[in-house]
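# Summary of the model geometry
Listed below, chain by chain, are the residues.
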Amino acid sequence: MARINDNYLKLKAGYLFPEIGRRVKEFTNANPDAQVIRLGIGDVTRPLAPAVLKALHDGVDDLGRGDTFHGYGPEQGYEWLIDTIIDKSYKPLGVDLQKSEVFISDGSKCDCANILDIFDLSNKVAICDPVYPVYNDTNVMVGRTGEADDKGYYEGIVYLPCTEENNFTPDLPSEKVDIIYLCYPNNPTGTVASREELKKWVDYARANDAVIFYDAAYEAFITEDDIPHSIYEIEGAKECAIEFRSFSKTAGFTGVRCALTVVPEAVTATTAKGEKVALNKLWNRRQCTKFNGVSYPVQRAAQAVYSDEGWKQTREIIDYYMENARIIREGLSAAGITCYGGVNSPYIWLKTPEGMSSWDFFDKLLKECHVVGTPGSGFGPSGEGYFRLSAFGDRENIETAVSRIKEKWGK
Ligand code: MLT
């Protein structure tokens, strides 16, 4: 008889967002007239920028003509997209990358998971708590952990608590780790890391031969000066960090699918015999074997994000979401609810009123205000007592949600 991967049975609960969807469906089935406002999963709601949409259409048209038809593209992505990303997104930060260091993919979620293919199970992994659940769950799935304890911490993973007390910036681990996941601007807390903070991690990684997985999916939402947009702005990071970026939130591609992963040539790890190997080569080998690239029209659309017109329009959409974030943050703060994030990130991380548990608040908010958010404890035990609201909504809905919450809990 075929055998399953038993590690999947270690997973404590269903994946967070489907579980939220299930509860919301149950509620809307029972209350079909309720005007439910969804600020749970961070999913974009604004249409694609017109210049991006045009490029997508043009890309499709190209496929319909013999002279512009494209079959399989390079597994790593088309050079014209990679060149554009390097020029428009990294060079202005003072970061020089080679073409071979950038890999186009269909999503950061998949890349954050798939990157584990090239690492041995013996690596000690450090993960922030609370955290984007993909980092934790994929390590469980590949078999890097034991069972979870009562709180939900898996044996074998080093958790780095991010709480109000440490300003949501984790301390260095007390035991030596080999892989560190960092996400800034942070999902779920919406907070950012300063240059000094990131330097601390780069220095740690270099001193301990560790690799940093840096998830920068929300970098386009940074509004304050002098907050790093890329880990490679930190000296030495090109020797120890892999960076994930995405068009999902930046350009409304959650349904279109395009992302990129940077694996600098200088990042290495060792074989069982202790010989150093460049991770770039292994990731390239992995992608060539398991991935056939992102579709041609989608890559054309991604390239158009960086055209003058495309970027102006894309920025306007980002600004729209960030105005939503301001409305949520300021509205709820004025009502006496403690809020974090929402300045350099589309997420607002709030303390549940009256000390309610995260899921109790979720249920109450859904039943009494018809507003959906994400319970902080769904991101890890240190998220208990917190709640995440997403600013990816239509303005009217955002304003209505804020006034419903204020009416119920405002002081
Ligand atoms: C979130 O809500 O945390 C994100 O939308 C999930 C994702 O990007 O996969």
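The rules we used
Within each chain, residue numbers correspond to sequence positions counted from 1 in written order. The predicted origin of the model limits local features to residues at a pLDDT of at least 70 and limits the giving and counting of side-chain atom pairs to 80 or more, whereas totals for whole chains, interfaces and linings rest on all residues. Helix and strand definitions follow DSSP, with helices as H or I runs of at least four residues and strands as E runs of at least two, each counted in order from the N terminus. Only the C-alpha atoms count toward the radius of gyration. The rule for a globule is 2.2 Å times the residue count to the power 0.38. Any residue whose C-beta has 12 or fewer other C-beta atoms within 10 Å is treated as exposed, any with 20 or more as buried, and any in between as partly exposed, C-beta atoms being built from the backbone. Inter-axis angles, ranging from 0 to 180 degrees, are taken between N-to-C directions of lines fitted to C-alpha atoms, where helices are fitted over the stretch in contact. Geometric relationships in this document are graded by angle, where less than 35 degrees denotes roughly parallel, more than 145 denotes roughly antiparallel, 65 to 115 denotes roughly perpendicular, and other angles denote oblique. Handedness of a crossing follows from how the near helix is turned relative to the far one, being left-handed for an anticlockwise turn of less than a right angle and right-handed for a clockwise one. Any residue pair is listed as a contact if its two C-beta atoms, each placed from the backbone, are within 7 Å. Polar here means any residue outside two lists: the nonpolar Ala, Val, Leu, Ile, Met, Phe, Trp, Tyr, Cys and Pro, and the charged Asp, Glu, Lys and Arg; Gly therefore counts as polar. Residue count minus one, scaled by 1.5 Å, sets the expected span of a helix. Where each domain begins and ends is defined by an automated method or by a domain database. By definition, a residue lies near a molecule or strand provided its backbone-derived C-beta atom is within 6 Å of it. Strands qualify as paired when DSSP identifies two bridges or more between them. In plain words, the nonpolar core is the set of buried Ala, Val, Leu, Ile, Met, Phe, Trp, Tyr and Cys residues that C-beta atoms within 7 Å link up.

### Concerning the overall build of the protein
Looking only at helices and strands, one finds 12 helices and 15 strands in the protein. Taking 22 Å as the expected radius of gyration for a compact globule of 411 residues, we find that the protein reaches 21 Å, a close match to that expectation. Taken over the C-alpha atoms alone, the protein extends approximately 60 × 55 × 55 Å along its principal axes. A total of 411 residues make up the protein; the buried ones form 46% of that total.

### Remarks on the packing of helix H3 (residues 79-90) against helix H9 (residues 296-304)
It is the contact of H3 with H9, at a shortest axis distance of 10 Å, that shows an interaxial angle of 20°. Taken together, the axes of H3 and H9 lie roughly parallel to each other. For the pair H3 and H9, the crossing hand works out as left-handed. Contacts between H3 and H9 involve Trp80, Leu81 and Thr84 on the former and, on the latter, Gln299, Ala302 and Gln303. Residue classes in the contact of H3 with H9 are distributed as three nonpolar, three polar and no charged.

### Side note on helix H10 (residues 308-334)
Here H10 spans 38 Å end to end across 27 residues, near enough to the 39 Å set by a 1.5 Å rise per residue. Among the residues of H10, Gly310, Thr314, Ile317, Tyr321, Met322, Asn324, Ala325, Ile328, Arg329, Gly331 and Leu332 are the ones counted as buried. At the exit of H10 stands Gly336, carrying a positive phi of roughly 90°.

### Section: the domain arrangement of the protein
For the protein, the domain assignment lists domain 1 (6-47 + 309-409) and domain 2 (53-306). Placing the centre of domain 1 and that of domain 2 at their C-alpha centroids yields a distance of 25 Å. If you look at the interface, domain 1 gives 35 residues, while domain 2 gives 41 residues. Within the residue set of the side of domain 1 that touches domain 2, elements represented by two or more residues are H10, strand E11 (339-341) and strand E12 (347-351). Looking at the side of domain 1 that touches domain 2, the element that brings in the most residues is H10, giving six residues. Class assignment for the residues of the side of domain 1 that touches domain 2 results in 17 nonpolar, 13 polar and five charged.

### Brief notes about the site of the ligand
In the vicinity of the ligand, the residues found are Ile41, Gly42, Asp43, Lys109, Tyr132 and Asn187. By residue class, the composition of the shell around the ligand is two nonpolar, two polar and two charged.

### A word on the sheet that holds E12
The sheet built from four strands is open, its strands ordered E11-E12-E15-E14 with antiparallel pairing. The outermost strands of the open sheet, each flanked by one partner alone, are E11 and strand E14 (374-375). Pairing geometry for E14 and strand E15 (residues 386-390), over two bridges, is antiparallel. Of the residues in E15, the one forming a bridge with Thr374 is Arg388.

### A short note on the pairing of strand E6 (residues 211-215)
Taking burial as the measure, the five residues of E6 include five buried ones, the bulk of the element. The two faces of E6 match: Val211, Phe213 and Asp215 on one face and Ile212 and Tyr214 on the other face are all buried. For strand E5 (residues 179-183) and E6, the ladder comprises five bridges, and the chain directions are parallel. For Tyr181, the partnering residue across the bridge sits in E6 and is Phe213.

### Some points on the nonpolar core
Membership of the largest hydrophobic core comes to 116 residues, with the highest contact counts inside it found for Ile127, Ile180, Ile212 and Ile242. Counting residues domain by domain, this core receives three or more from each of domain 1 (6-47 + 309-409) and domain 2 (53-306).

### Quick look at H9
With seven of nine residues buried, H9 is to be regarded as a mostly interior element. Turning to H9, its buried residues are Val298, Gln299, Arg300, Ala301, Ala302, Gln303 and Ala304.

### Focus: unusual backbone geometry
Cis geometry marks the peptide bond from Asp129 to Pro130; its omega dihedral reads 5°. Mapped onto the elements, Pro130 comes out in the loop between strand E3 (125-129) and helix H5 (133-142). That bond from Asn187 to Pro188 is cis: its omega, 20°, falls within 30 degrees of zero. Mapped onto the elements of the fold, Pro188 is located in the loop between E5 and helix H6 (195-208). The backbone phi angle of Asn167 is positive, close to 60°, even though this residue is not glycine. Its identity as a non-glycine residue notwithstanding, Asp226 has a phi of 65°, on the positive side. Considering the arrangement of structural elements, one finds Asp226 in the loop between E6 and strand E7 (241-246). Looking at Asp226, the number of C-beta atoms within 10 Å reads 7, which means it is exposed.

### Details of the environment of Val177
Within the fold, Val177 resides in the loop between strand E4 (157-161) and E5. Along the primary structure Val177 and Val211 are separated by 34 residues, whereas in three dimensions their C-alpha atoms are 9.1 Å apart. Excluding its chain neighbours within four sequence positions, the residues that come into contact with Val177 are Lys124, Val125, Ala126, Val158 and Ala210.

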